[in-house]
Amino acid sequence: MLKYNPQFDGLRCFAVLFVLCYHWLPHTLGIQLSTFWGCTINFFFVLSSYLITMVLFSARQKGALLGASKFKVMAVFLVRRTFRIFPAYYFFLLLALLVPSVGREIWGSPAAYFGYITNYHIYDSGHFHPALAHIWTLAVEEQLYLLWPLLILFVPNRHLLKTFLFLIVCTVANRFLFYDGSHEVGQAILTQNCIDAFAVGAILAYKNQFATEGEKKFIKWFFNAGLIAAATLGTYIVLTEWYYLSFVFNRLLFALVSVKIIEGAAIGYKKIAGRVLEWKPVVSFGRMSYGIYLYHLLMPVAFWKLYNAIVSYGKVHYSSFFTNHQHGYAAFESIIASGPACLAIYFLLTVAMAMLSAKYIEQPLSKLKVPYHFSFKKIPLLQRFIFSFQNKR
């Protein structure tokens, strides 16, 4: 199995911090970042693809040694991903239902939110809900988790690199040919427009596992050329703010930059970079990145809904207090509504929810993962779960 690398969690820490800044700064400090930087979410796509491709490579080899079918390997992979992703996500949705405006949005399209097709729902509806605008990325990942095992397990090794490159070309061509600027929500959130980022991560995994010397040289050239293209074309896109060009190439450019960063962590950064990425607070924050990402847009909406409800209740039932302390309340409200205070509140609430999610949902349920252990494959599935859980306690 893939050995744990703390530097990946270190990278997750800084990536999710950038996401927080991208979403929070415009509404708190008035700092508007270019939509060009919205494609930094591709870092998570590339890292996820690299890791799950490495896991699938390992599982395929182990399954072949133990005589397990590829469909069984695929089934175990999907069950493991289910225990990793579903519980925290569905708990997030249940909490979101408690916020009236958010709950109405979810109940308006329950199949989309509970069925991991929110990216298509958002595109069709033409709007992002403030508390749920980010979960389209989770839908994209979950949809591709159904495709990726088929690709990795059933395509022969000698054709994998060509397949990944073909997917990149097809994805960019799809964005180039089928751009629709009249739609209120950009097409970038549709799964067919995100596949190239996953293919780039898979190429790195292939390079580390099966690539010949000639293929390794080509991949190295391809990644380096991507860095040059990202620097030149990316600068041009930022300066001109040409959205069409950004739509066509941004995802691939950010994916190629991301894969070089991830490759460095896979090898192991040294000196200051390595110490920072392996610093315990950074690693701990990175390990909570899934929960932080889940809650970072819900918490601001929930906080202000609760705050306004408390204030409204107080003004009705304790009107004399507010009358006698008008100046003090006005000063308090001006402080709490200030940009720095909002950032601090949102950050603390989001981290608190992520910590609770990790401790009481993600970590306990991760013990129930079905292992890639096929020697007891004749044991019924429920007994296998129990066996796995007991052995890990």
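Owing to the predicted nature of the structure, the values given are computational and were not obtained by experimental measurement.

Chemist: Which parts of the structure should I look at to understand the overall build of the protein chain?
Modeler: Helix and strand content of the protein chain: 19 helices and 0 strands. For 393 residues, the compact-globule formula gives about 21 Å, and the C-alpha radius of gyration of the protein chain, at 23 Å, lands near that figure. Projected onto the principal axes, the alpha-carbon positions of the protein chain cover approximately 75 × 60 × 45 Å. Across the 393 residues in the protein chain, those meeting the buried criterion constitute 51%. A fraction of 77% describes how many contacts in the protein chain between residues 6 or more apart in sequence connect residues 24 or more apart. Accessible surface, the protein chain: about 19600 Å² in total, of which carbon and sulfur atoms supply 68%. The distance from the centre of the 34 positive side-chain charges to the centre of the 15 negative ones in the protein chain is 15 Å.

Chemist: Hey, could you run me through the packing of aromatic side chains in this one?
Modeler: Two aromatic rings are characterised by how far apart their centres lie and by the angle between their planes. Tallied over the full model, the rule gives 32 aromatic pairs. Ring geometry for Phe-45 and Trp-136: centres 6.3 Å apart, planes at 75 degrees, overall edge-to-face. Of this pair, Phe-45 sits in helix H2 (residues 42-66) while Trp-136 sits in helix H7 (residues 136-154), and the two are 91 residues apart along the sequence. Exposure remark for Phe-45: the relative accessible area of 0% places this residue in the buried category. Three or more aromatic residues joined by ring pairs make a cluster, and in this case those are Phe-45, Trp-136, Trp-148, Phe-164 and Phe-198.

Chemist: Looking at this model, I keep getting lost on helix H3 (residues 70-97). Mind explaining?
Modeler: Given 3.6 residues per helical turn, the α-helix brings residues three or four places apart onto the same face. Look at H3: 39 Å from first C-alpha to last across 28 residues, which is about the 40 Å you get at 1.5 Å a residue. Most pronounced at Phe-86, the bend in H3 amounts to some 35 degrees, and the proline Pro-87 follows within four residues.

Chemist: Even after reading the chapter, I still don't get the side chain of Thr-350, so can you show me in this structure?
Modeler: By the element assignment, Thr-350 lies in helix H18 (residues 339-366). By relative accessible area, which is 1% here, Thr-350 ends up buried. Engagement of the side chain of Thr-350 in a polar contact is seen with the backbone oxygen of Tyr-346, the distance being 2.7 Å. When near neighbours in sequence (up to four residues on either side) are disregarded, Thr-350 contacts Trp-24, Ile-292, Tyr-295, His-296 and Met-299.

Chemist: Would you explain the nonpolar core in this entry?
Modeler: Soluble globular proteins: nonpolar side chains tend toward being buried together. Residues Tyr-89, Val-102, Trp-148, Phe-164, Phe-223, Ile-262 and Leu-298 are the most contacted members of the largest nonpolar core, which totals 109 residues. Broken down by element, the residue count for this core peaks at 12 residues, all from H2. Beyond its immediate sequence surroundings of up to four residues, Phe-223 is in contact with Val-200, Ile-203, Leu-204, Leu-256, Val-259, Lys-260 and Glu-263.

Chemist: Looking at this model, I keep getting lost on the environment of Arg-287. Mind explaining?
Modeler: With respect to the secondary-structure elements, Arg-287 resides in helix H13 (residues 280-287). Judged by its relative accessible area of 54%, Arg-287 falls in the exposed class.

Rules used throughout
Residues numbered from 1 in each chain as written. Predicted model: local features only at pLDDT ≥ 70, side-chain atom pairs only at ≥ 80, totals over all residues. Heavy atoms only, no water. Helix = DSSP H or I, 4+ residues; strand = E, 2+ residues; numbered from the N terminus. Rg over C-alpha atoms; globule rule 2.2 N^0.38 Å. Buried < 20%, exposed > 50% of the residue type's maximum accessible area, 1.4 Å probe, protein only. Contact = heavy atoms within 4.5 Å. Areas by Shrake-Rupley, 256 points an atom, 1.4 Å probe, with all protein chains shown as cover. Lys, Arg positive; Asp, Glu negative; His and termini not counted. Charge placed at Lys NZ, Arg CZ, Asp CG, Glu CD. Phe/Tyr/Trp six-rings, centres within 6.5 Å; stacked < 30°, edge-to-face > 60°. Expected span 1.5 Å × (residues − 1). Bend = angle between axes of the 7 residues up to and from the residue. Polar contact = N/O pair within 3.5 Å; in protein donor to acceptor, adjacent residues only side chain to side chain. Core = buried A, V, L, I, M, F, W, Y, C linked by side-chain atoms within 4.5 Å.

Read these as geometric descriptors, not functional statements.
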